[in-house]
Amino acid sequence: MMKIGFIGLGIMGKPMALNLIKAGFSLCVYDIVPSAVKILEDAGAEAAASPREVAENCELILTMLPNSPHVKEVLLGEAGVLEGIRPGTLIVDMSSIDPTASVEMEKEVAKRGGEMLDAPVSGGEPKAIDATLSFMCGGKPEAFERAKPILEKMGASVVLVGGIGSGNMAKLANQIMVACNIAAVSEALVLATKAGVDPESVYHAVRGGLAGSTVLDAKAPMMLSRNFAPGFRIELHIKDLTNAMNAAQAVAMELPVTTLVLGMMKRLQKEGKEKLDHSALVQYYEEIGNVEVRPL
Ligand code: NAD
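Computed from a predicted model, the values in this text were never measured in an experiment.

Chemist: Sorry, what's going on with the site of the ligand here?
Modeler: In the vicinity of the ligand lie 23 residues, with Ile11, Met12, Asp31, Pro66 and Lys239 positioned nearest. At 3.0 Å, a backbone N or O of Ser96 approaches an oxygen atom of the ligand. Surface burial for the ligand is 89%, taken as the share of its 840 Å² of free accessible area covered by protein chains. Of all the elements in the fold, those that place two or more residues in the shell around the ligand are α4 (68-76) and α11 (234-250). Lining the shell around the ligand are residues from two domains, each supplying at least three of them: domain 1 (3-162) and domain 2 (169-289).

Pasting the structure below:
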């Protein structure tokens, strides 16, 4: 069976790579953190000394890195993937990054005869472990068909959204909807609490109606039980909303609500709360309302 390259073995990349090994693929892996590489080596993967070495050994390379600068460094930097690829090599970047960076990098990959897809995911660590992630892909249909059977070993849904960058545009849309929904839930529950109405009863009263949502059911119980362990960290959501602002600027579009919510998250970051789950956005409202959301 073909060998797959995997670069970036963090919270998401580690379980995703382990699922590919479970599915019977041989892996050649790289990460700047040796302990992350060791876990995959122990599971049967081969370790490479650089992204270039991964590319020299594999026709399909997956990356799962924090943000655009990391992906640029791994692909275009010294001893990077582009130094080692052959015509026909397919790079699938699963990181959540700025879509304009995906477009720029695809041009460089194409100059070397390679192909590239952007394929960010939603679902977080639990779904990475269960292999039930949702992939949102951008790129050429033929490249998508090549990658799909492999992505299906890590996810329950693999959708081609459009050309290169459109996977990350879908991910930004997802992150805007989630952030603004959390802000709305926070605003509403803090108002009810401040007015002396039990926020837990409000939650149960509205969850079956139009205001009900996956975000409400995931985040309101965390707010009510004061459990802000991540989950999805505020600092990562700041990264995604900042990428959304950049993408909006590129097409001369304003994002008024996202701008406000990003400001709230940055204020929490200034207070040292950036490692908390994004449901801690409720604390922004609690500070201005001088009240804490708890069942009465
Ligand atoms: P992470 O920080 O846990 O992992 C990133 C890994 O990349 C680390 O192991 C790091 O050492 C490695 N890395 C960084 N720079 C590198 C370089 N130059 N060369 C090689 N390796 C390098 O992050 P994560 O939570 O796994 O997230 C990865 C991506 O997935 C992010 O874009 C994130 O927004 C996205 N994402 C995360 C979640 C989540 O819940 N954690 C959910 C959906 C999407």
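Chemist: Any chance you could explain the pattern of salt bridges here in plain terms?
Modeler: Side-chain pairing between opposite charges can occur once the charged atoms of the two side chains come close. Summed over the entire model, instances satisfying the criterion amount to 20 salt bridges. For Glu56, the salt bridge is made with Arg52, and the minimal N-O distance between the two is 3.8 Å. One end of the pair, Glu56, and the other, Arg52, are both in helix α3 (residues 51-57), four residues apart, so they sit about a helical turn from each other. Linked through salt bridges whose partners overlap, the residues forming this network are Arg226, Glu286, Glu292 and Arg294.

Chemist: Any chance you could explain the packing of helix α8 (residues 166-194) against helix α12 (residues 256-270) here in plain terms?
Modeler: Geometry of a packed helix pair, given as the angle between the helix axes and the separation of the axes. Running from N to C, α8 and α12 point in directions that differ by 70 degrees, and their axes come no closer than 10 Å. By the criterion of interaxial angle, the relationship of α8 to α12 is roughly perpendicular. Where α8 crosses over α12, the handedness of that crossing is left-handed. Contact residues: α8 offers Ile176, Ala179, Cys180 and Ala183, while α12 offers Val257, Thr258, Val261 and Met265. Residues belonging to the contact of α8 with α12 are distributed by class as follows: seven nonpolar, one polar and no charged.

Chemist: Which parts of the structure should I look at to understand the domain arrangement of the protein?
Modeler: One frequently used descriptor of interface size is the decrease in accessible area upon assembly of the parts. When cut into domains, the protein gives domain 1 (3-162) and domain 2 (169-289). Between domain 1 and domain 2, the C-alpha centre-to-centre distance is 29 Å. Carbon and sulfur atoms supply 62% of the area that domain 1 and domain 2 bury against each other, a total of about 900 Å² over both sides. Put simply, domain 1 and domain 2 have zero salt bridges between them. At the surface where domain 1 touches domain 2, the tally comes to four residue pairs in polar contact (both at pLDDT 80 or more). Those elements that provide at least two residues to the side of domain 1 that touches domain 2 are α5 (99-111) and β7 (121-122).

Chemist: Just to check I follow, could you spell out the nonpolar core for this structure?
Modeler: Core analysis: the biggest nonpolar cluster contains 35 residues, and Phe6, Met16, Leu27, Leu62, Met94, Phe135 and Leu151 have the highest contact counts within it. Broken down by secondary-structure element, the contributors of at least two residues to this core are β1 (3-7), α1 (13-22), β2 (26-30), α2 (34-42), β4 (60-63), β5 (90-93), β8 (133-138) and α7 (141-151). For this core, the element with the highest residue contribution is α7, accounting for five residues. Residues Phe228, Leu241, Tyr285 and Val293 belong to the second largest nonpolar core, which totals 28 residues.

Reading the values: the criteria
Residues numbered from 1 in each chain as written. Predicted model: local features only at pLDDT ≥ 70, side-chain atom pairs only at ≥ 80, totals over all residues. Heavy atoms only, no water. Near = heavy atom within 4 Å. Polar contact = N/O pair within 3.5 Å; in protein donor to acceptor, adjacent residues only side chain to side chain. Areas by Shrake-Rupley, 256 points an atom, 1.4 Å probe, with all protein chains shown as cover. Helix = DSSP H or I, 4+ residues; strand = E, 2+ residues; numbered from the N terminus. Domains from an automatic or database assignment. Salt bridge = Lys/Arg side-chain N within 4 Å of Asp/Glu carboxyl O. Axes fitted to C-alpha atoms, helices over the stretch in contact; angles between N-to-C directions. Parallel < 35°, antiparallel > 145°, perpendicular 65-115°, else oblique. Left-handed = near helix turned anticlockwise from the far one by under 90°. Contact = heavy atoms within 4.5 Å. Nonpolar A, V, L, I, M, F, W, Y, C, P; charged D, E, K, R; others polar. Buried area = accessible area lost by both parts, 1.4 Å probe. Core = buried A, V, L, I, M, F, W, Y, C linked by side-chain atoms within 4.5 Å. Buried < 20%, exposed > 50% of the residue type's maximum accessible area, 1.4 Å probe, protein only.

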